[in-house]
Every structure is written in C-alpha cells, then in structure tokens.
2 protein chains.
Amino acid sequence: MPEALDENQALATYAQALSHPVRLAIIRRLAEQSVCFHGNMAAVLPVAPSTLSQHLKVLKDAGLIKGEIDPPRVRYCLNTAKIKEIKELFDIFLEYALQGGVENC
Amino acid sequence: MPEALDENQALATYAQALSHPVRLAIIRRLAEQSVCFHGNMAAVLPVAPSTLSQHLKVLKDAGLIKGEIDPPRVRYCLNTAKIKEIKELFDIFLEYALQGGVENC
DNA sequence: TTTATTGTTCGTATTTTTGCGAATAAGATT
DNA sequence: AATCTTATTCGCAAAAATACGAACAATAAA
C-alpha cells in the first residue's frame, strides 16, 4: 500500500457519514425494515423532523441509503451495494493497520 | 439487536476519529512502522506540527494509538488491541446492516 | 548553564456540523 | 378548489472541528 491518498479521502468521507449516533440508529432501523419512512423514524429518534431530514441527506449524499417517493411519504432503504463496498474498505484498512503486528510501545 | 444505543455512541466516536484523511494517513504510517515520530510524520504530511499534534491527540483520546516519550522525541504506535476491537465493531455493525438483504427501493 | 532539538499547548480565526422552528413543496383527500 | 398529510428546504444560532503561528515545556548536548 503505497500511499492511497484517494482511498483515505473516500474512507474519511464514509467514516464521517457514520460518525453520528442518530445516523447509525437510522441505518439500524432500515436494516430491520421495521420503519422505512421519515415520519416513522421521527417518532422514534430523539430529533426534530427537519434534523432527521438533514441526517438522511448526509447518508444519501454519501450513498449509504436511497430514497423513493411513495406519496405522500418517502420510503428510505439501505444501498446494500454501497454498504458492502464500505465494509470492504474498512475491513481492508483496519486489517492493514493490524498487519504489522508489532507493538513498538 | 434491540437498540444498542451505547454501541452507537462508541461506533460514532471511532468513526469520528477515522473521519479525517490526515488521521488515516497517520495510521497507515504507523502500520508501516517506517515513521513513528512526530517530526518524522510532520515531514511527510501536509500539515503544520501543531496541527499534527492535534490529530495525534484525537487518535490517542479515542484509544487508537499510544505515545511513549523517547527523549527528546515521542514515539507513537498503534494500539492493536483497540484497533482489533474497532474492526470487530464495524464489521458487526455493517454486517448487521446487510443481513436483511432486501432492497425495498 | 546556555543552547538546540523536539513536541505540545495556547490563542485565535475559519469552516463545518448540528439542531430547530418556520416556511415551503408535493401529492392525496374531501 | 380547499385542506390535510408528509417531508424537505430555509434561515438562523450554537457547538465542534480544523488549522496555524507563537509561546511554552522537557530533555539532550555543548
């Protein structure tokens, strides 16, 4: 692994998307498929509707979720392909971090 | 996985630590064991020494790295146990996110 | 003891993130 | 057409993250 600067940037972006408890909670909800609608999540998560929309936007911009209009509601779901990709990236990165195996201090 | 709010908080904290390219670069360097000293990294990374110290502090506070004084320098290295733990956490979380397997939209 | 070397901490400025209510949009319902 | 439901965008405020130079330790070397 020479430098991987682009990969660092991509990883940082995904880590950013995962760096808020509410966003992680959203992902869990969507994984359970119990609630997929904004209003549904708003009822459970401790944030205002507008705040929830912002978090959904962050996840959407990062590609982790998709949204589909199902009038008058919006159904959200996970982008499993992307999440698989992210899982790979994190796995490879963290494995690389461990590979040396030597504790210098 | 009922709610796992604490786990969300822990995950979010680790994700936060990993959400900056320079911090990821630091981790890669330490994994390579090629450079373990502040000055050494400062020469390679595109940030001022004081900024580097801040990033090192973030990583240290999150538990990902350890620092040991080796006068007049400070030797840094990865906390492999913690990184292993983080790898587990991310792996479990992302696997859980994929487990449903159904694309609703 | 003076002087270098190495890093950190402090003070500050800038940018980004987070959060919320109000206003808005878009479509269904009456 | 008027209204209701649902969710987003806007405007703003507060908090956190980022970055840097200057000032400050702490130790080694002269």
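Reading the values: rules and limits
Residues numbered from 1 in each chain as written. Chains lettered and ligands numbered in written order. Predicted model: local features only at pLDDT ≥ 70, side-chain atom pairs only at ≥ 80, totals over all residues. Heavy atoms only, no water. Contact = heavy atoms within 4.5 Å. Buried area = accessible area lost by both parts, 1.4 Å probe. Salt bridge = Lys/Arg side-chain N within 4 Å of Asp/Glu carboxyl O. Polar contact = N/O pair within 3.5 Å; in protein donor to acceptor, adjacent residues only side chain to side chain. Helix = DSSP H or I, 4+ residues; strand = E, 2+ residues; numbered from the N terminus. Nonpolar A, V, L, I, M, F, W, Y, C, P; charged D, E, K, R; others polar. Near = heavy atom within 4 Å.

> So what about the interface of chain A and chain B? Which residues, and what values?
The partner chain B presents 51 residues to the 51 residues of chain A that form the contact. For the chain A and chain B pair, buried surface summed over both sides reaches about 4,600 Å², with 62% attributable to carbon and sulfur atoms. Interface area lost by chain A to chain B is led by Arg28, Lys87 and Cys105 of chain A, which between them contribute 17%. Summed over the shared surface of chain A and chain B, the number is four salt bridges. Among the salt bridges present, the one from Asp91 of chain B reaches Lys87 of chain A, with a minimum N-O distance of 3.4 Å. On inspection of chain A and its partner chain B, the count reaches eight residue pairs in polar contact (both at pLDDT 80 or more). Mapped onto the side of chain A that touches chain B, the elements with two or more residues apiece are helix 1 (5–17), helix 2 (21–32), strand 1 (65–70), strand 2 (73–78) and helix 5 (80–99) of chain A. Broken down by class, the residue content of the side of chain A that touches chain B amounts to 27 nonpolar, 11 polar and 13 charged.

> Requested: an account of the protein's contact with DNA strand C, with residues and values cited.
Near DNA strand C, the surroundings consist of 19 residues, among which His55 of chain A together with His38, Gly39, Ser53 and Tyr76 of chain B are the closest. Looking at DNA strand C alone, sugar and phosphate atoms form 69% of those within 4 Å of the protein. A distance of 3.0 Å separates a phosphate oxygen of DNA strand C from a polar backbone atom of Ala48 of chain A. Within the side chain of His38 of chain B, one N or O atom sits 3.2 Å away from a phosphate oxygen of DNA strand C. If you list the elements that add at least two residues to the surface near DNA strand C, you get helix 4 (49–61) of chain A together with helix 3 (38–44), helix 4 (49–61) and strand 2 (73–78) of chain B. A total of four residues in the surface near DNA strand C trace back to one element, the largest contributor, which is helix 4 of chain A.

This is a description of form; function is not addressed.
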